[in-house]
Amino acid sequence: MRKILTLSLIIFHLSFNIASAATKTQADALYEKEQYRDAAEAYEAVLKNEGVASEVYYNLGNCYYKMDEIPLAVLNYERAFLLDPGDADIRANLALARGKTIDKVVPPSEMFFVTWWRDLTNCMSINAWTILGITAFVLMLVGVLLYVFMSQLTLRKIGIYGAMAMLVIVIIANLAALSQHADLTHRDTAIIMAPSVTVKSSPSETSTDLFLIHEGSKVEILDGSMKEWLEVKFEEGKQGWVPVSTLEII
């Protein structure tokens, strides 16, 4: 009896995995047939059953873009970008979708090294940075061994200078991976989903109206301590309070 039960559980597990794989295949087929609404529902099911994946978020964003549901397209492209910031297609489609939003944002100027570091960090995914860091660490050890155990001066120089170069790469890779891990762990950005939102000076409907913001705009969450309100900062630097129901966390 126990063997029969175990075999049944194995068969059920395999059947579940096959069904999950078929869901992704079905979603792709629906997208190719231009049945974007059905494809979007299928991709949502894949995310629910199998967990998050940049390519699924990307395809889901494509579905919503094709249906001209720009806020949902931006949201899913942003989620895909968060998981794989080095993907050129995700970057291009996100820029295309954001170009169709109402509010055209000009971010405030920043120091060049801040921009440089962000661009460097986002040129690869966290997995790619991790692999690079491990590889560089191994090569650094090889360089140290060359310096310690080789008697030939040329090899010793190659070893020590190579080890120093690899150390720099190890540090950069670890810092970049930690930065991306922090972004994935602390979800403090969101997309405005309501057609338009009046930003308030305090968390109350009766407070002063500051300005109007429209769907598809990206915000940084500054204060989430209130139950129904969030204090947010917009990319151009302005900030205020908006209802929780008007946005979706990336």
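Above this text is the structure in question.
Starting afresh in each chain, residues are numbered from 1 along the sequence in its written order. Thresholds applied to this predicted model are a pLDDT of at least 70 for local features of residues and 80 or more for the giving and counting of side-chain atom pairs; totals over whole chains, interfaces and linings are not thresholded and use all residues. Side-chain numbers here rest on the full set of heavy atoms in the structure, without hydrogens or water.

Novice: So, the pattern of salt bridges: which residues are in play, and what are the values?
Specialist: Here a salt bridge means any side-chain nitrogen of Lys or Arg lying within 4 Å of a carboxyl oxygen belonging to Asp or Glu. Under the definition given, this model contains 8 salt bridges. The shortest N-O distance in the salt bridge between Lys24 and Asp28 comes to 2.8 Å. With Lys24 and Asp28 both in helix α1 (residues 2-32), this residue pair falls 4 residues apart, about one helical turn. Between buried and exposed lies partly exposed: a residue is buried under 20% and exposed over 50% of the maximum accessible area for its type, with that area taken using a 1.4 Å probe on protein chains only. Relative accessible area serves as the criterion here: at 22%, Lys24 is assigned to the partly exposed category. Judged by relative accessible area, Asp28 falls into the partly exposed class, the value being 24%. Across the pair Arg98 and Glu235 runs a salt bridge whose closest N-O atoms are separated by 2.2 Å. Here Glu235 lies in the loop between β5 (229-234) and β6 (239-243) and Arg98 lies in helix α5 (residues 88-98), a separation of 137 residues in the sequence. Classification of Arg98 by relative accessible area gives partly exposed; the value is 28%. Several salt bridges share partner residues, and in doing so they unite Glu78, Arg98, Lys218 and Glu235 into one network. Only DSSP runs of H or I reaching four residues or more are called helices, and only runs of E reaching two or more are called strands; each is numbered from the N terminus.

Novice: Residues and numbers for the side chain of Asn76, please.
Specialist: In this fold, Asn76 is placed in helix α4 (residues 70-83). Of the residues examined, Asn76 reaches a relative accessible area of 3% and is grouped as buried. Polar contact is the term for a pair of N or O atoms within 3.5 Å; when the atoms are in protein, one must be able to donate a hydrogen and the other to accept it, and sequence-neighboring residues count only if both atoms are side-chain atoms. A distance of 2.8 Å separates the side chain of Asn76 from the backbone oxygen of Leu72, its partner in a polar contact. In what follows, a contact means two residues having at least one pair of non-hydrogen atoms within 4.5 Å. If we ignore the near neighbours within four places in the chain, the residues touching Asn76 are Tyr57, Leu60, Gly61 and Tyr64.

Novice: Which residues make up α5, and what are the values?
Specialist: Inspection of α5 places Ile90, Asn93, Leu94 and Ala97 among the buried residues, and these make up the whole buried set. Each buried residue of α5 sits inside an arc of 105° when the element is viewed along its axis, so together they form one side. Those residues of α5 that are exposed and aimed more than 90 degrees away from the buried face are Ala88 and Ala95. Buried residues in α5 make contact with α3 (54-66) and α4. Between the side-chain oxygen at the start of α5 and the backbone nitrogen of Asp89 there is a gap of 2.9 Å, and the oxygen is on Asp87. The arc refers to the directions leading from the helix axis to the C-beta atoms.

Novice: Pulling in residues and values, what's your account of a nonpolar patch on the surface?
Specialist: Patch membership needs two things, relative accessible area over 30% and no salt bridge, and members are linked within 9 Å if like-charged or within 5 Å if nonpolar (Val, Leu, Ile, Met, Phe, Trp, Tyr). Here the Shrake-Rupley method, with its probe set to 1.4 Å, supplies the accessible areas, and only the displayed protein chains count as covering residues. A contiguous nonpolar patch, built from Ile134, Phe137, Val138, Leu141 and Val142 and spanning about 430 Å² of accessible area, is present on the exposed surface. For Leu141, a relative accessible area of 41% puts it in the partly exposed group.

Novice: Quick one: what's the story with the pairing of β6, residue by residue and with numbers?
Specialist: One face of the sheet, then the other: side chains in a regular strand alternate in exactly this way. Across the 5 residues that make up β6, a large majority, 4, are buried. Strand pairing is defined by DSSP finding a minimum of two bridges between the two strands. One ladder, built from 5 bridges, connects β5 with β6; its direction is antiparallel. Bridge pairing links Lys233 to Gln239 in β6. What sits between the antiparallel neighbours β5 and β6 is a turn of 4 residues, in which Gly237 has the positive phi angle 110°.

Novice: Would you mind going over the packing of aromatic side chains in detail, with residue names and values included?
Specialist: By convention, a stacked pair of Phe, Tyr or Trp rings (six-membered ring in the case of Trp) has centres within 6.5 Å and planes under 30 degrees apart, an edge-to-face pair has planes over 60 apart, and any other such pair is tilted. According to the stated counting rule, one finds 4 aromatic pairs in the structure shown. Between Tyr58 and Tyr77, the ring centres sit 6.0 Å apart and the planes meet at 45°, which makes this aromatic pair tilted. Residue Tyr58 is found in helix α3, and its partner Tyr77 is found in helix α4; the two are separated by 19 residues along the sequence. For the pair shown, Tyr58 and Tyr77 are each scored as buried. Ring geometry for Phe211 and Phe234: centres 5.3 Å apart, planes at 75°, overall edge-to-face. One end of the pair, Phe211, is in strand β3 (residues 209-214); the other, Phe234, is in strand β5, and 23 residues separate them in sequence. For Lys238, the ring lying beneath its charged end belongs to Phe211, and the centroid distance is 4.1 Å. Ring-over charges, as used throughout, are those where CZ of Arg or NZ of Lys falls within 6 Å of the ring centre and within 35 degrees of the ring normal.

Novice: Account for the packing of α4 against α5, naming residues and giving values.
Specialist: Orientation is described by lines fitted to C-alpha atoms, with helices fitted over the stretch in contact, and by angles between N-to-C directions that extend from 0 to 180 degrees. At a minimum axis separation of 9 Å, α4 and α5 run at an interaxial angle of 155°. The orientation of α4 relative to α5 falls into the category roughly antiparallel. The element α4 and its partner α5 pack so that their crossing is left-handed. Residue-level contacts link Ile70, Val74, Tyr77, Glu78, Ala80 and Phe81 of α4 to Ile90, Arg91, Asn93, Leu94, Ala97 and Arg98 of α5. An angle below 35 degrees is treated as roughly parallel, one above 145 as roughly antiparallel, one from 65 to 115 as roughly perpendicular, and anything else as oblique. Note: crossing handedness is left-handed where the near helix turns anticlockwise from the far helix by less than a right angle, and right-handed where it turns clockwise.

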